[in-house]
Amino acid sequence: MEKRKLVFATNNNHKLEEIRAILGQQIDVLSLKDINCHEDIPETAETLEGNALIKARFVYEHYHLDCFADDTGLEVEALNGAPGVYSARYAGGEGHDSEANMKKLLQEMQGKANRKARFRTVIAFIEGGDTHLFEGTVHGNITEEKQGDSGFGYDPIFRPDGFSETFAEMGNEAKNQISHRANAVKKLCEYLSQ
């Protein structure tokens, strides 16, 4: 039986590798590049759900392929849920400058006793025009300084509850068992295998 093909609306290679590692056995995950979509789809919504929907709808409307998109935010309790939907662009600039983002967050957190945070991923999945949303979260806290060098984004400063290591210290395989994205993708998998 040929594997089902789904487009993952992202140009982020880290996310693509992570999703392929989680879904790889059951599904052939195509990137935007694989379908010759070179648009930079703007993420203009004020919510994670909104951004995920914008990306998925764009691909579905232009390419008529079943697809999913995600948006992920780091929500820090002491910062009223910031950086949240702006996580990738937290330090300003064009975004996806992880070093600058982490530096800014650690500065904002200086002297704060409450280090609680959560990563939240929302996946918008469009199948035959029908939209489904899946959410995954993982709770943890923000460390005082960077620890570990695997993963990406805020991984070196996020320690999930119940673990002594940050996401960046535990390595991708362990992270992919418990991460916010893994939790959301598991819900997507359960839905796909019904």
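Residues numbered from 1 in each chain as written. Predicted model: local features only at pLDDT ≥ 70, side-chain atom pairs only at ≥ 80, totals over all residues. Heavy atoms only, no water.

Examining the nonpolar core
- Membership of the largest hydrophobic core comes to 17 residues, with the highest contact counts inside it found for L74, V76, L105, I142, Y154 and F158.
- Among the secondary structure elements, those contributing two or more residues to this core are strand 3 (67-76), helix 3 (98-109), strand 5 (116-127), strand 6 (130-142) and helix 4 (167-178).
- The element contributing the most residues to this core is helix 3, with 4 residues.
- Those residues within four positions of L105 in sequence are excluded, and the remaining contacts are L74, V76, L79, P83, Y90, I142, Y154 and I157. (Core = buried A, V, L, I, M, F, W, Y, C linked by side-chain atoms within 4.5 Å. Buried < 20%, exposed > 50% of the residue type's maximum accessible area, 1.4 Å probe, protein only. Helix = DSSP H or I, 4+ residues; strand = E, 2+ residues; numbered from the N terminus. Contact = heavy atoms within 4.5 Å.)

Description of the pairing of strand 5
- Of all 12 residues that make up strand 5, 9 are buried, and the element is covered over most of its length.
- As judged from the 10 bridges shared by strand 3 and strand 5, these two strands associate in the antiparallel manner. Paired with L74 across the bridge in strand 5 is F119.
- Pairing of strand 5 with strand 6, which is carried by 12 bridges, proceeds in the antiparallel orientation. For A124, the partnering residue across the bridge sits in strand 6 and is L133.
- Between the end of strand 5 and the start of strand 6, which pair antiparallel, lie 2 residues, with G128 showing a positive phi angle near 55 degrees. (Pairing = 2+ DSSP bridges.)

A short note on the pattern of salt bridges
- A complete count under the given rule lists 15 salt bridges for this structure.
- As a salt-bridge pair, R181 and E18 come within 2.6 Å of each other at their nearest N and O atoms. Here R181, found in helix 5 (residues 180-192), pairs with E18, found in helix 1 (residues 13-23); they are 163 residues apart in sequence, far enough to count as distant.
- For R181, a relative accessible area of 3% corresponds to the buried category.
- Overall, E18 belongs to the buried group, its relative accessible area being 6%.
- Residue E75 is joined to R118 by a salt bridge in which the shortest nitrogen-to-oxygen separation is 2.6 Å. (Salt bridge = Lys/Arg side-chain N within 4 Å of Asp/Glu carboxyl O.)

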